[in-house]
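# Structural overview for review
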Amino acid sequence: MTIHTPTTEAQACAVVKSVIGSATPLSIRGGGTRAGLGRPAQAASTISSAGLSGITLYEPAEMVIAARAGTPLALVQETLADRGQMLPFEPMDHRALFGSEGEPTIGAIAACNISGPRRVNAGAARDSLIGVRLINGRGEMIKSGGRVMKNVTGLDLVKLVSGSHGTLGFLTEVTFRVLPKPAAIATLQWRGLSDVQGVALLSQALGSPFEPMAAAHLPAGLAGDEALTLLRLENFPDSIEYRAGELALLLGEYGVPDRLEGEHSAGLWRDVRDATFFAGTNEAVWRLSLKPTDGPKAATAIGRMLPGARWFYDWGGGLVWLAMPVDGDAAAVRTALKPLGGHATLVRAPDAVRAAVDVFQPLAEPLMRVTAGIKKSFDPDGIFEPGRMYAGI
Amino acid sequence: MSAIAFPTPDAGILARREQILAGLSALVSPGALITSDDERRPYETDALTAYRRMPLAVVLPSTTEEVAAVLRYCGDQGVPVIPRGSGTSLSGGAIPQEDAVVIGVSKMSRILEIDYANRVARVQAGVTNLAVTGAVSAEGFFYAPDPSSQLACSIGGNIGMNSGGAHCLKYGVTTNNVLGVKMVMLDGSIVEIGGGHLDSPGYDLLGLMNGSEGQLGIITEATVRILRSAEGARPVLFGFPTSEQAGAAVAAIIGAGIIPVAMEFMDKPAIEICEAFAKAGYPMDCGALLIIEVEGSDDEMDAQLARIVAIAREHGVTTVKESKSAMEAAAIWKGRKSAFGATGRIADYICMDGTIPTGQLPYVLKRMDEIVKGYGLRVANVFHAGDGNLHPLILYNCNDPVEAQKAEDAGMDILKLCVEVGGCLTGEHGVGIEKRDLMTFQFNPEDLAQQMRVRAVFDERWLLNPAKVFPLEGRVAA
Ligand SMILES: Cc1cc2nc3c(=O)[nH]c(=O)nc-3n(C[C@H](O)[C@H](O)[C@H](O)COP(=O)(O)OP(=O)(O)OC[C@H]3O[C@@H](n4cnc5c(N)ncnc54)[C@H](O)[C@@H]3O)c2cc1C
């Protein structure tokens, strides 16, 4: 097993060129904390972004930051925090869920489109990713997007690359739009609601003018004995005061909310973001993305088929995190989604399971054909992460 | 003007016109096929009116299935296709060519489903931008991207161009507000990408569709995010002695952690033109104007405005004028949103659209002025200040071919300037034919070839909107 650690884009191009045609595909490694995402990919050698590190541009007044792909996420976040800014999409940390070690990199955030609770309001990583540089499977340096917020000139390859899990190329540099950190944060918490009530509350709140930035429902047994329904407000302190009051009034039928601040609030949202409720178990973990009001329908349908399944809701109900016995029937998840629409991703399971079932939602035939075509257009010899997303892709 | 080349029409297709028309008429309901000269003429051009070409025929289908039948037929016959929404493109994105069939979605203008609990609306592609907001405003919701052309332009066209508007600083552009599309591929297959949920499985094909300028397929339906309106909104006018001061104030506001819903910039010529038209009460004694809109409850707006005003004072603001009524607020926005129309009343103009890093604003404004003066012309600037999206309006007389050519040349120089300072050729109007030949200026051959190979996955033979976006020379298939 060879590990290539280029320190310049030119070296990275040379690495890719050296494997073209030699049938020794490359897996791509950032910090290695999310290596368990996708199907287990077979590759004889690895190209690492560890040698490509450092922030290359930061203009707080323009709300933009660019960094080499191997830059630790923590460094990006600290650099932003020093100037009172942040990444808008609250990226998940997979280390708890996967039991993995190492430092997450900014490149993987782009490559895997990693977002968190703020996604429901502020968009996903892909919405804030405004520019990329990558090496395609022909060994060519390709750029798309730029450093300005409106950046789509020609076809938006940035979006294609975001969430491609390394299958289209080796990212060398990424540029994100950033936002000011809120002056204050507070969480409103209701207790004891059913899934359907909890999601109804979240829908009503997200459809109000009071702009919750995150909205989650934790059924009983996950964070204590009672179900918790959570809304997070981020704003200037006077606005939080006002909006918390208005929301409590608007949602009066669900009872009087508790108000959480500081570490209590932050810790709960970290658990939601990182799905730590499922950390350290040997359950299979799925992520379902659907219409928020369909969240409880899917979860209860799956619960009926698979006793022992546990779940919670983020994104106002539109993201269901689901843990089930690892020998449970994966098809049950997709069956439950069929009448509802949306898609399901198997996030955590032993390699053998992820090799045997579809990790990503199977696509309709014409879209599968397009997907294969796009893979070929970037990576004609199938060098990068072969089979990571779908068989052959 | 004749600087931008069109491909030579395929003589074989022109010779087969009658046969092709017969083939098309068998596929669509009577009235959907337009063949006469008079009726085809409105489809000769879009809002880039200096260029026009008479299409072979125009088809206005009423259903996705009709679109599929027509597209499959054109694909089989090797006939180029120009997808069209409302034809308001400013970059010539919807301009046809003589050997092409225009497929317009304007008859597909129904709102199909509104789901407030899940905050989405499903609409046909020909629905106008403003009609989406119109359909949900009684419940207090709106559709966020708000191009100035929103009364006319279609959701399909908005997706084609990844359109933006004044309020995109907070709410994002089209690509951030579309959750799904139904689309017809060149072979007639109908696919759905995304839907009422967030994020896509597999590659982000939805993201790819936004800004694809009709080159990948024809969109017939879209699922868009609808948002709850703020409790109130108040645009405020800030007059500064100079553009530099206005630009510095914008940077300082963002630096202070405040993201207003909108921050729009106008220079002196633009202020004069818009005020003469809209009588919005714009201050006339300043060198630059910012329209800053804040949102929220009255108290929240007061508090946010106080912060903004304090910053503006540090940057030498001379006039602060709050809208005191809904009518005043509407007049302020009317002036800004009719900037193009108002300019059109005093001169012919071309509206450019580039982006720059906002820190480069003072330099770019100065250089633009020099460039345009160098051609002996005048420029008025309106500009989405928060995100660096410039819209210089170059004034000229279209009956004077020499001057027309100069205006076009000045525009190209300005776009090159945008790229030089780290920006892009387009912020929201798209590449179309207008900026097609400048693409090599922003991208190197490998970048462009990669885009073209992706394009070829959808349309190997370059039949869909073929004369757009990529230079005519050096095109790459799969
Ligand atoms: C006065 C004025 C003001 C404007 N202000 C703004 C502004 O503030 N912000 C902004 O972003 N733009 C603005 N524009 C530009 C223009 O309105 C937008 O580009 C708009 O989105 C075009 O929509 P349309 O329906 O007219 O599309 P068209 O002009 O018909 O087409 C635009 C492009 O989309 C493709 N297309 C259209 N429909 C489909 C479909 N169903 N499927 C696939 N492809 C399709 C076409 O092939 C073409 O490439 C303005 C234009 C004018 C004239």
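Residues numbered from 1 in each chain as written. Chains lettered and ligands numbered in written order. Predicted model: local features only at pLDDT ≥ 70, side-chain atom pairs only at ≥ 80, totals over all residues.

Within the largest apolar cluster, 271 residues are counted, with the highest numbers of intra-cluster contacts made by L322(A), V224(B), L290(B) and I394(B). L290(B) has contacts with F238(B), A246(B), A249(B), V250(B), M263(B), E264(B), F265(B) and A385(B), leaving out every residue within four places of it along the chain. (Core = buried A, V, L, I, M, F, W, Y, C linked by C-beta atoms within 7 Å. Buried ≥ 20, exposed ≤ 12 C-beta atoms within 10 Å, placed from the backbone. Contact = placed C-beta atoms within 7 Å.)

What follows concerns the site of the ligand. All names here are of chain B. Among the 36 residues in the neighbourhood of the ligand, the closest are listed as G85, G156, G157, G160 and G214. The set of elements that each furnish at least two residues to the shell around the ligand consists of strand 3 (81–84), helix 6 (155–161) and strand 10 (218–225). Counting residues per element, the shell around the ligand draws most heavily on helix 6, which supplies five residues. Each residue belonging to the shell around the ligand can be placed in one class, and the counts come to 13 nonpolar, 19 polar and four charged. Of the domains in this structure, domain 1 (11–104) and domain 2 (111–228) are the two that each give at least three residues to the shell around the ligand. (Near = placed C-beta within 6 Å. Helix = DSSP H or I, 4+ residues; strand = E, 2+ residues; numbered from the N terminus. Nonpolar A, V, L, I, M, F, W, Y, C, P; charged D, E, K, R; others polar. Domains from an automatic or database assignment.)

Residues and elements named next belong to chain A. Along the polypeptide, S22 turns up in the loop between helix 1 (9–19) and strand 2 (26–29). Judged by the 10 C-beta atoms lying within 10 Å of it, S22 is exposed. For the pair S22 and S45, spaced 23 residues apart in the sequence, the C-alpha separation amounts to 12 Å.

Turning to the pairing of strand 4 (residues 101–104) of chain B, a few remarks are in order. Residues and elements named next belong to chain B. Side chains of strand 4 alternate between two faces, with V101 and I103 and V102 and G104 buried alike. Judged from the three bridges that link them, strand 2 (residues 57–59) and strand 4 form a sheet pairing that is parallel. Across the sheet, residue A57 finds its bridge partner in strand 4, namely V101. Here strand 3 runs beside strand 4; their pairing, made up of four bridges, is parallel. Bridging from a neighbouring strand, R84 pairs with G104 of strand 4. (Pairing = 2+ DSSP bridges.)

A word on the interface of chain B and chain A. If you look at the interface, chain B gives 71 residues, while chain A gives 71 residues. Of all elements in the fold, only strand 9 (190–194), helix 8 (205–209), helix 9 (243–255), helix 11 (298–314), helix 16 (439–442) and helix 17 (445–458) of chain B reach the threshold of two or more residues within the side of chain B that touches chain A. At nine residues, the largest contribution of residues to the side of chain B that touches chain A is made by helix 17 of chain B. Split into classes, the residues belonging to the side of chain B that touches chain A amount to 27 nonpolar, 31 polar and 13 charged.

Turning our eyes to something else, we now look at the pairing of strand 4 (residues 55–59) of chain A. Residue and element names in this part refer to chain A. Strand direction decides the pairing type here: strand 4 and strand 5 (residues 64–68), joined by four bridges, are antiparallel. The residue of strand 5 that forms the bridge with Y58 is I65. Between strand 4 and strand 5, which pair antiparallel and follow one another directly, the connecting turn spans four residues, one of which, M63, has a positive phi of 55 degrees.

Before going further, it helps to examine the sheet that holds strand 7 (residues 129–135) of chain A. All names here are of chain A. Read across the sheet, five strands follow the order 4-5-9-7-8 without closing on themselves; strand pairing throughout is antiparallel. Of all strands in the sheet, those bounded by a partner on one side alone are strand 4 and strand 8 (141–145). Shown here is a sheet whose adjacent strand axes are inclined to one another by a mean of 10 degrees, direction ignored. Bridge analysis of strand 7 against strand 8 gives five bridges, and the strand direction is antiparallel. Residue pairing in the sheet places G131 in a bridge with G145 of strand 8. Along the sheet, helix 1 makes contact with strand 7, strand 8 and strand 9 (170–177), crossing strand 9 at roughly 135 degrees. (Axes fitted to C-alpha atoms, helices over the stretch in contact; angles between N-to-C directions.)

Before going further, it helps to examine the domain arrangement of chain A. Residue and element names in this part refer to chain A. The domain boundaries assigned to chain A delineate domain 1 (1–181 + 362–393), domain 2 (184–274) and domain 3 (276–356). Distance from the C-alpha centre of domain 2 to the C-alpha centre of domain 3: 23 Å. Counting residues per element, the ones that place at least two in the side of domain 2 that touches domain 3 are helix 8 (195–206), strand 12 (214–218) and helix 10 (262–274). Top contributing element to the side of domain 2 that touches domain 3 by residue count: helix 8, with six residues. Among the residues making up the side of domain 2 that touches domain 3, the classes are represented as 10 nonpolar, two polar and three charged.

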